[in-house]
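Here is what each chain is made of, one letter per residue.
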Amino acid sequence: MDSTHFRTCPLCEATCGLEITIRDGSVRRIRGDRDDVFSNGFICPKGSTLGTLHDDPDRLRRPLIRRNGVHVEVDWDEAFAEIDDRLVPIRKQHGADAVALYLGNPNAHTIAGAVFGRPLIQALATHNLYSASTVDQMPRHVSSGLLFGNPGAMAVPDLDRTEYLLILGADPVESNGSLCTAPDFPGRITSIRQRGGQVIVVDPRRSRTAAIADEHLPIRPGTDPAWLLALIHSILRDDAHRITLEHTGSLESLRSIVAPFTPEAVAGFCGIDAVTTERIAGELSDGRRAAVYTRIGTHTARHGTLSSWAADVLCLITDNLDTVGGMMWPNPCHGRPEVPGRAPGGRGFRTGRWASRVSEHPEVRGELPVAILAEEIETPGTGQVRALITVAGNPARSTPDSSRLTAAMEQLEFMVSVDIYLNETTRHADVVLPPPSSLEKSHFDFAFYGLSVRNVANYSPAVFTPDGPGEHEILARLALIISDHGPQADPELIYGLVTSTLARQATDLPGGPLEGRDPEELTSSVAHLDPPERCIDLMVRSGPYGDHFGDAPDGLSLEKLIDHPHGIDFGPLEPRLSGILRTTSGTIEVIHDAIVDDAAVLATSLEAAPGEGELLLVGRRHVRSNNSWMHNLDVLVRGRERCTLLVHPDDAERLGLLDGQQALVSSRVGQVEAPVEITDDIRPGVVSLPHGWGHDDPGTRLGVARTRPGVNSNLLTDGAVIDPLSGNAALNGIPVAIRPR
Ligand SMILES: Nc1nc2c(c(=O)[nH]1)N[C@H]1C(S)=C(S)[C@@H](COP(=O)(O)OP(=O)(O)OC[C@H]3O[C@@H](n4cnc5c(=O)[nH]c(N)nc54)[C@H](O)[C@@H]3O)O[C@H]1N2
Ligand SMILES: Nc1nc2c(c(=O)[nH]1)N[C@H]1C(S)=C(S)[C@@H](COP(=O)(O)OP(=O)(O)OC[C@H]3O[C@@H](n4cnc5c(=O)[nH]c(N)nc54)[C@H](O)[C@@H]3O)O[C@H]1N2
Ligand code: SF4
Ligand SMILES: [Mo]
């Protein structure tokens, strides 16, 4: 007997609906759910592999303990007891900072990561908190924090209504989009053109996204902020009479920030001529609905925050921020409901409340840059990192100068990893705790409904029953061990804490729909549910579309979500600036010393024209890959080698490289050997290697990945190059030298 299950794909940010057919306890077929209110049947090659992932014999089902260098399977009690025996004493003897935590990307895709990571962070109370955010989107949190006082409120392009989309450093045809949740992003780009709009892609490589756009501008890597400032410069010069910035003085200060960045001055630096820059500035400001979308290529750069800030300021001065077809903010169903009549504003945004011990990098959102984790492990002294917990992360492949971090991990006194594979990172762990597979977990996209191009919601129950603890229980038990409650403590202690906090947030919101209600009434009405579901129900019922625990009986609840397996659509985005503003002034705050100073630093490099023979390394993604961790599925890795070094024919000739030949690529920090793929899709002077490969380390359990290992591009990226405003690593525009092997 077949049974059919509908669920949201948890693998990337696109949140596609899947239709999963089960027969005799295993997955027969996965296809796109045609009735999904948001994805309408769209699926990519990864979405259909959830069954293969679930069945992968290398996926860990039982905890591992490393004994004499070899990982052996143990039962859950033994694994938690080992952590209690070895981790707690380190913390007691050397203090809270001696234990570091690294949270990887899939935490944004699990309920456990969204809700039960917080108690673990609180229990650890360490300054050594790291995550994939500082090799990813932290610049955009900071620019949103500076401009709107709200680092969580990152504006997204209103894809379905814009008439002009300027994309910098993103390749959504491969990645399916990021910080912009839009299933079938490629289709939505094509629709912009079909309704008469234009799409411009700025990328050193003619990506597949560039190939379906109206225009491709092959910019020199690392120079986007200069070009964006030149666009602002051009608009202020021509259209200043139309621009109203609320803060008197902002316009003059903005003018002085962009003064050095004339379209002429940046032309040689960026590789985009002044006429083109002036034209794009004109198109952005001629009154059409336009959005400026920046992503990985611009964020993972030395001036990532400045780029992200400039992109939003461009939209602000052209009346394309918080307007239909411009950059807008979603109103997620689990978010804080808007309170009518409440004055906009809040406590503002601050970084640098503390600094890292060795290089004194400021904290940002409670985190330190992951690029400095290695030095915090290596450098002796009070606060030295002696133990590490990783949850859903592979920093040995995803962070810069990873050979240094790998060596540092060997030096740790103790390491725990919560992960489904024994890979390049978790092989260093003394204890590995495997959560259930995706199909054994329920799913709800806490992270992505706040970044989505429509306001939607979908809840997916688990398809299979796990035979071990859920990921939320693993995190809860870790938090209890850290806080010295021991390995046998009841995780209900943590669940209770989490739900009562959520309930109190709802009942304490001044003017909110549940103000004055008894938080215990709320928690007891969800008490019969599983812990993740209690949180979902609490949040959506108190949220903007919620049933408000009886006050709005037709409103949203978990039950209603369960009744709608294809999701619920709350409609297109609506202007809501006052709902997201948390600046102390209650207005958008454009000018900040940190921005002024960083633009001045950038201005000094405009003079330095590209050197003769310059070679800059950039990354790329492929639709059949997902960061470092889906290379163990034969269906995804079979076929043509994808971990290749893209080289322009002119460079290949100059360097004496032949197509298919191995090349030695070296940077300040390391060297790799990769096969050359000659293509005029890449700008001369730029080479590209994807990240997340290099699966030939000893001691891993990745039988398929090992046969197609590829090389680790983060052996070349330089941990010393960090955006000082956000702590984000620069992973693109890395100077390299190349020679044939
Ligand atoms: N050079 C270069 N480096 C990059 C990038 C780049 O563009 N270029 N991109 C950066 C970006 S954007 C990111 S987000 C980071 C990613 O950095 P990481 O998050 O450190 O790396 P991932 O490869 O996503 O590893 C995810 C890990 O989670 C495990 N996992 C998968 N599903 C689950 C689950 O449900 N629960 C648990 N507990 N574990 C799970 C996988 O086995 C894997 O070990 O890499 C960054 N690194
Ligand atoms: N298939 C697949 N999908 C994924 C992932 C994956 O690994 N594989 N990872 C997921 C994650 S964690 C994330 S964060 C997103 C990322 O999603 P995207 O931001 O779309 O990331 P990429 O596809 O790497 O595209 C980055 C582009 O930036 C270009 N670039 C490099 N340097 C520069 C520069 O200096 N300036 C400009 N303008 N462009 C530059 C590169 O050539 C590349 O085409 O994708 C997510 N989706
Ligand atoms: S695009 Fe992303 S969410 Fe959609 S099926 Fe592919 S991996 Fe899953
Ligand atoms: Mo990412």
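None of these values were measured; they are calculated from a predicted model.

Another aspect to go through is the overall build of the protein chain. A count of helices and strands for the protein chain gives 25 helices and 27 strands. What you see for the protein chain is a C-alpha radius of gyration of 25 Å, in line with the 27 Å of a compact globule of 741 residues. Partitioning the intrachain contacts of the protein chain with sequence separation of at least 6 by distance along the chain shows that 73% fall at a separation of at least 24.

Take the sheet that holds strand β6 (residues 99-103) next. One open sheet holds the seven strands; their spatial order is β5-β4-β16-β15-β14-β6-β7, and the pairing between them is mixed. Since the sheet does not close on itself, it has two edges, and those belong to β5 (70-73) and β7 (129-131), each with one partner. Taking the axes of each pair of neighbouring strands and ignoring which way they run, one obtains an average angle of 20° across the sheet. The strands touched by helix α3 (residues 111-124) are β6, β7 and β14 (387-391); relative to β6, the strand with the most contacts, the crossing angle is about 160°.

Further remarks concern the pattern of salt bridges. By the definition in use, this model includes 47 salt bridges. Residue K92 pairs with D484 through a salt bridge whose shortest N-O separation is 2.9 Å. Note that K92 is positioned in helix α2 (residues 76-94) and D484 in the loop between α17 (471-482) and α18 (492-508), a separation of 392 residues in sequence. Taking relative accessible area as the criterion, K92 reaches 59% and is therefore assigned exposed.

Looking at helix α10 (residues 263-270), one finds that the buried residues are P263, V266, A267, F269 and C270. A positive phi of about 75° marks G271, the residue just after α10.

For the rest of this paragraph, the subject is the domain arrangement of the protein chain. Along its sequence, the protein chain is organised into domain 1 (138-329 + 577-602) and domain 2 (611-740). The C-alpha centroid of domain 2 is placed 28 Å from the C-alpha centroid of domain 1. On the domain 2 side, the residues contacting the 30 residues of domain 1 number 26 residues. Taken together, domain 1 and domain 2 are joined by two salt bridges. Remark: the boundary between domain 1 and domain 2 carries nine residue pairs in polar contact (both at pLDDT 80 or more). Looking at the side of domain 1 that touches domain 2, the elements that each hand over two or more residues are α4 (138-148), α5 (172-175), α12 (296-299), α13 (304-317) and α23 (593-605). Counted by class, the side of domain 1 that touches domain 2 contains 13 nonpolar, nine polar and eight charged residues.

Here we come to the nonpolar core. Counting residues in hydrophobic clusters, the biggest one holds 148 residues, and the most contacted among them are L166, W227, W309 and L433. Beyond its immediate sequence surroundings of up to four residues, L166 is in contact with I200, V202, W227, L231, I280, L284, A291, V292 and Y293. Within the second largest apolar cluster, 28 residues are counted, among which are Y130, A132, V135 and L388.

Between α3 and α18, the shortest axis-to-axis distance is 10 Å and the interhelical angle comes to 110°. In terms of their interaxial angle, α3 and α18 are classed as roughly perpendicular. Residues V115, F116 and P119 of α3 touch α18, and the partners they reach there are I494, Y495 and V498. A per-class count over the contact of α3 with α18 returns six nonpolar, no polar and no charged.

The next point concerns the site of ligand 3. The immediate surroundings of ligand 3 are formed by C9, L11, C12, A14, T15, C16, I43, C44, K46, G47 and N176. Residue composition of the shell around ligand 3, grouped by class: seven nonpolar, three polar and one charged.

Moving on, we come to the sheet that holds strand β12 (residues 290-294). If you walk across this open sheet you meet the four strands as β11-β10-β9-β12, and the pairing is parallel. Either end of the sheet is taken by a strand with one partner, and the two such strands are β11 (215-217) and β12. Adjacent strand axes in the sheet meet at a mean angle of 15°, parallel and antiparallel pairs treated alike. Direction of pairing for strand β9 (residues 164-168) relative to strand β10 (residues 198-202): parallel, over a ladder of five bridges.

Among the 30 residues in the neighbourhood of ligand 2, the closest are listed as S175, D203, D224, S625 and N627. The side chain of S175 places a nitrogen or oxygen atom 2.7 Å from an oxygen atom of ligand 2. Calculation on ligand 2 without its partners gives an accessible area of 920 Å², and the protein chains cover 98% of this total. Among the secondary structure elements, those contributing two or more residues to the shell around ligand 2 are α5 and α12. Among the elements that take part in the shell around ligand 2, α5 stands out by supplying three residues, more than any other.

Procedures and definitions
Residues numbered from 1 in each chain as written. Chains lettered and ligands numbered in written order. Predicted model: local features only at pLDDT ≥ 70, side-chain atom pairs only at ≥ 80, totals over all residues. Heavy atoms only, no water. Helix = DSSP H or I, 4+ residues; strand = E, 2+ residues; numbered from the N terminus. Rg over C-alpha atoms; globule rule 2.2 N^0.38 Å. Contact = heavy atoms within 4.5 Å. Pairing = 2+ DSSP bridges. Axes fitted to C-alpha atoms, helices over the stretch in contact; angles between N-to-C directions. Salt bridge = Lys/Arg side-chain N within 4 Å of Asp/Glu carboxyl O. Buried < 20%, exposed > 50% of the residue type's maximum accessible area, 1.4 Å probe, protein only. Domains from an automatic or database assignment. Polar contact = N/O pair within 3.5 Å; in protein donor to acceptor, adjacent residues only side chain to side chain. Nonpolar A, V, L, I, M, F, W, Y, C, P; charged D, E, K, R; others polar. Core = buried A, V, L, I, M, F, W, Y, C linked by side-chain atoms within 4.5 Å. Parallel < 35°, antiparallel > 145°, perpendicular 65-115°, else oblique. Near = heavy atom within 4 Å. Areas by Shrake-Rupley, 256 points an atom, 1.4 Å probe, with all protein chains shown as cover.

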